[in-house]
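Observations on the model geometry
Each chain is listed here by its residues.
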Amino acid sequence: MRYEQDAAQRATVLRHLSQSLAGAVSLFEKQEGVKLATFPDFKKARARYLEIQALIFTIADKAEEAPNRGVPADLKGWLVRMRLRSITSFTRMSLAFFREPPELLVHALGAYDILQQERESLMSLLNDFDMMLMEAALDDKTSMELDKVRQQMEEIVTLLDKHLKGAPAALRTFD
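Residues numbered from 1 in each chain as written. Predicted model: local features only at pLDDT ≥ 70, side-chain atom pairs only at ≥ 80, totals over all residues. Heavy atoms only, no water.

Attention now moves to the packing of aromatic side chains. Counted according to the given criterion, the structure contains six aromatic pairs. Geometrically, the ring pair formed by F39 and F42 is stacked, given 6.0 Å between the ring centres and 25 degrees between the ring planes. Within this pair, F39 and its partner F42 are both found in helix 2 (residues 39-65), separated by three residues, close to a single helical turn. Exposure remark for F39: the relative accessible area of 16% places this residue in the buried category. Ring plane angle 10 degrees and centroid distance 4.7 Å describe the contact between Y49 and F90, whose orientation is recorded as stacked. Taken as a pair, Y49 in helix 2 and F90 in helix 3 (residues 75-99) lie far apart in primary sequence, 41 residues in all. Of the aromatic side chains, those joined through ring pairs into one cluster are F39, F42, Y49, F90, F97 and F98. (Phe/Tyr/Trp six-rings, centres within 6.5 Å; stacked < 30°, edge-to-face > 60°. Helix = DSSP H or I, 4+ residues; strand = E, 2+ residues; numbered from the N terminus. Buried < 20%, exposed > 50% of the residue type's maximum accessible area, 1.4 Å probe, protein only.)

By size, the foremost hydrophobic cluster in this structure holds 43 residues, and its most contacted members are L21, I59 and F98. By residue number, the principal contributor to this core is helix 3, which donates eleven residues. (Core = buried A, V, L, I, M, F, W, Y, C linked by side-chain atoms within 4.5 Å.)

Packed helices, taken two at a time, are described by their axes: the angle between them and the distance between them. Viewed as axis vectors pointing N to C, helix 2 and helix 3 meet at an angle of 170 degrees, and their least axial separation amounts to 10 Å. Judged by the inter-axis angle, helix 2 sits roughly antiparallel to helix 3. Contacts between helix 2 and helix 3 involve F39, F42, A45, R46, Y49, I52, Q53, I56, F57, I59, A60 and A63 from the first element and L75, L79, M82, R83, S86, I87, F90, M93, S94, F97 and F98 from the second. Grouping the amino acids of the contact of helix 2 with helix 3 by side-chain chemistry returns 18 nonpolar, three polar and two charged. (Axes fitted to C-alpha atoms, helices over the stretch in contact; angles between N-to-C directions. Parallel < 35°, antiparallel > 145°, perpendicular 65-115°, else oblique. Contact = heavy atoms within 4.5 Å. Nonpolar A, V, L, I, M, F, W, Y, C, P; charged D, E, K, R; others polar.)

On to the side chain of E118, then. Within the fold, E118 resides in helix 5 (residues 111-135). Using a relative accessible area of 7% as the deciding quantity, one classes E118 as buried. Sequence-distant contacts of E118, that is, excluding residues within four places in its chain, are made with F39, F42, R46, F98 and L160.

Glancing now at the side chain of R83. With respect to the helices, strands and loops of the structure, R83 is situated in helix 3. Accessibility expressed as a relative area gives 14% for R83, which makes it buried. Apart from residues no more than four positions distant in its own chain, R83 is found in contact with Q53, I56, F57, D128 and M132.

For the rest of this paragraph, the subject is helix 2. The end-to-end C-alpha distance of helix 2 is 39 Å, a good match for the 39 Å that 27 residues give at a rise of 1.5 Å each. The complete set of buried residues in helix 2 reads F39, F42, A45, Y49, I52, Q53, L55, I56, I59 and A63. (Expected span 1.5 Å × (residues − 1).)

As a working rule, side chains carrying opposite charge can pair if their charged atoms are close by. Applying the stated criterion across every chain, the model contains nine salt bridges. The salt bridge involving R92 is made with E145; its shortest N-O contact spans 2.3 Å. Note that R92 is positioned in helix 3 and E145 in helix 6 (residues 140-166), a separation of 53 residues in sequence. The salt bridge partner of R150 is D130, with a shortest N-O separation of 2.7 Å. Here the residue R150 occupies a position in helix 6, and D130 occupies one in helix 5, the gap between them amounting to 20 residues. Look at R150 and you get partly exposed, because its relative accessible area is 22%. (Salt bridge = Lys/Arg side-chain N within 4 Å of Asp/Glu carboxyl O.)

Printed below as a string of structure tokens:
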């Protein structure tokens, strides 16, 4: 009896988390068209993206705790698709932001460190993106769309490299 209640409770938690994730991804996609005018705006968008990623990993962990106990067989594939959707939206927001970044972001003291950190973060995301593409079973239309996203990621890296060349030198501590 206790086992059945436990399984039912886990299935309910997973269902609620999945609904929250679907809503968060949909809302994030709707915000894709909003221009990020300042670096704090960009940081907020990145924070929302990271919250979505954390929710995805939480759902995956909860599903692994209770295999075959009310967990849909296609949950892993659905989570990969949710992750790809959120990456797509974040990439488009980032591209729009770094095509015309605020002058303060590019020319202020400390700009080099911020831009370098963003570049490293994006390179890590690009590697993860490639791994997910191999995991996901995608149709041709989706594959073509995700190829465009990958090209946009590469364009962002190129933009960041360009901005890094013009940014003030990295801050150093006194020796």
